[in-house]
Amino acid sequence: KLIFEFQTMMASLMGLEVSNASLYEGASALAEAILMAVRLSSKKGNAKILMPRTIHPNYRKTAHTILAQQHIELIEVPYVETSGQIDMTALEKLMRDDVVALVIPQPNFFGVLENVDQLTDWAREKNILSIGVVNPMAMALLKPPGQWGREGVDMACGEGQPLGIPMASGGP
């Protein structure tokens, strides 16, 4: 019953229809979301993911460690140094036919709010999936991923520790 309540709360907080609750922390949840995006895609062989450098470095390292064995390449997307946001010009140049998804942090590693509506709509226009990486506490004040852009993100993930969940019984 408790897991059901947690999943219901997370789905509501994220503005999405369903929620999973099987992963230990946010970095491996991001890797799992990327694996799901690749499985949903028709581009299964040597898929590429647009991974902004504004994602926490530990998340990027964990995702790389898990995904490298699956032949999934993470393409680093630079940020604009003056704003700390994803560089849209660079993002456009990195887009290729074998890209499966764009990862969108909110807020990003620098504590900056990304232009999530523009990024989500950009991904939809390019016919790739969008993955929101969020702090669940921030979603109480910010627009939830299910409402980003015209149609919302395809999936969202995050870290449960900001909710104050103790490390007992497997952690957040």
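Here the structure is shown first, and the text comes after it.
Quick summary incoming for the structure in this document. (Residues numbered from 1 in each chain as written. Predicted model: local features only at pLDDT ≥ 70, side-chain atom pairs only at ≥ 80, totals over all residues. Heavy atoms only, no water.)

**Here's the deal with the overall build of the protein chain**
Using the following cut-off: A run of H or I in DSSP counts as a helix once it spans at least four residues, and a run of E counts as a strand once it spans at least two, with each numbered from the N terminus. Note that the radius of gyration is over C-alpha atoms, with the globule rule given as 2.2 Å times the number of residues to the power 0.38.
Broken down by element type, the protein chain carries five helices and five strands. When its helices and strands are written in sequence order, the protein chain yields α-α-β-α-β-α-β-α-β-β. Its C-alpha atoms give the protein chain a radius of gyration of 15 Å, near enough to 16 Å, the size a compact globule of 172 residues would have. Across its three principal axes, the protein chain shows a C-alpha extent of roughly 45 × 35 × 30 Å.

**A look at the sheet that holds strand E1 (residues 48–52)**
Formally: Any two strands with at least two DSSP-identified bridges between them are counted as paired. In this analysis an axis means a line fitted to C-alpha atoms, helices contributing only their contacting stretch, and an angle means the value between N-to-C directions, from 0 to 180 degrees. Only heavy atoms enter the contact rule, under which two residues are in contact if any of them lie within 4.5 Å.
Across the sheet, which stays open at both edges, the five strands sit in the order E2-E1-E3-E4-E5 with parallel pairing between neighbours. Either end of the sheet is taken by a strand with one partner, and the two such strands are strand E2 (73–77) and strand E5 (155–158). Between one strand axis and the next, the sheet turns by 25 degrees as a mean value, whatever way the strands run. Summarising the sheet, E1 and strand E3 (residues 99–106) pair through three bridges and their orientation is parallel. Considered in E3, the bridge of Ile49 is made with Ala101. Packing of helix H5 (residues 116–125) onto the sheet brings it into contact with E1, E3 and strand E4 (129–134), and relative to E3 it is tilted by some 170 degrees.

**A look at the side chain of Glu114**
As a reminder, the rule being used: Three labels apply to residues, based on accessible area from a 1.4 Å probe with only protein chains included: buried if under 20% of the type maximum, exposed if over 50%, partly exposed otherwise in between. Under the counting rule used here, the positive set is Lys and Arg, the negative set is Asp and Glu, and His together with the chain ends is not counted. Any carboxyl oxygen of Asp or Glu that lies within 4 Å of a side-chain nitrogen of Lys or Arg is treated as forming a salt bridge with it.
Along the chain, Glu114 falls in the loop between E3 and H5. Despite its burial, Glu114 pairs with no opposite charge, the nearest such side chain being Arg60 at 10 Å. Residues contacting Glu114, with those up to four places away along its chain left out, are Thr54, Gly84, Gln85, Ile86, Pro105, Gln106, Asn108 and Leu119.

**What about the packing of aromatic side chains?**
The line we're drawing: Pairing of aromatic side chains requires ring centres within 6.5 Å, counting the rings of Phe and Tyr and the six-membered ring of Trp. Pairs whose planes differ by under 30 degrees are stacked, by over 60 edge-to-face, and all others tilted.
Enumeration over the complete set of coordinates arrives at two aromatic pairs. Cluster of aromatic residues (ring-pair linked, three or more members): Tyr79, Phe109 and Phe110.

**Overview of helix H3 (residues 57–68)**
Because the α-helix completes a turn every 3.6 residues, residues three or four places apart line up on one side. Note the threshold: By definition here, a helix of n residues has an expected span of 1.5 Å times n minus one. Arc definition: it is the arc formed by the directions from the helix axis to the C-beta atoms.
End to end, H3 covers 16 Å across 12 residues, agreeing with the expected 16 Å (1.5 Å per residue, within 8%). Those residues of H3 that sit buried are Tyr59, Arg60, Ala63 and Leu67. Each buried residue of H3 sits inside an arc of 95 degrees when the element is viewed along its axis, so together they form one side. Opposite the packed face of H3, turned more than 90 degrees from it, sit the exposed residues Lys61 and Thr65. Lining the buried residues of H3 we find helix H2 (26–40), E1, E2, E4 and E5.

**Notes on the side chain of Asn108**
Definition in use: In protein, a polar contact means a hydrogen-donor-capable atom and an acceptor-capable atom, both N or O and within 3.5 Å, with residues adjacent in sequence counting only if both atoms are side-chain atoms; elsewhere, any N or O pair within 3.5 Å suffices.
On the secondary structure map, Asn108 appears in the loop between E3 and H5. Under the relative-accessibility criterion, Asn108 is labelled buried at 6%. One polar contact links the side chain of Asn108 to the main-chain carbonyl oxygen of Gly84, over a distance of 2.8 Å. Excluding its chain neighbours within four sequence positions, the residues that come into contact with Asn108 are Thr54, Gly84, Gln85 and Glu114.

**With respect to the environment of Ala33**
Inspection of the secondary structure puts Ala33 in helix H2. On a C-alpha basis, the gap between Ala33 and Ile75 in space is 16 Å, while along the polypeptide they are 42 residues apart. Among residues more than four places away in sequence, those in contact with Ala33 are Ile131, Met155 and Cys157.

**Focus on unusual backbone geometry**
Of the consecutive residues Gln106 and Pro107, the connecting peptide bond is found in the cis state with omega at -15 degrees. The topology assignment puts Pro107 in the loop between E3 and H5. Its identity is not glycine, yet His71 carries a phi of approximately 60 degrees, on the positive side. Looking at where His71 falls in the secondary structure, it is placed in the loop between H3 and E2. On the basis of relative accessible area, His71 is assigned to the exposed category, the value being 56%. For Asn127, which is not glycine, the phi torsion reads 60 degrees and is therefore positive. Residue placement: Asn127 occurs in the loop between H5 and E4.

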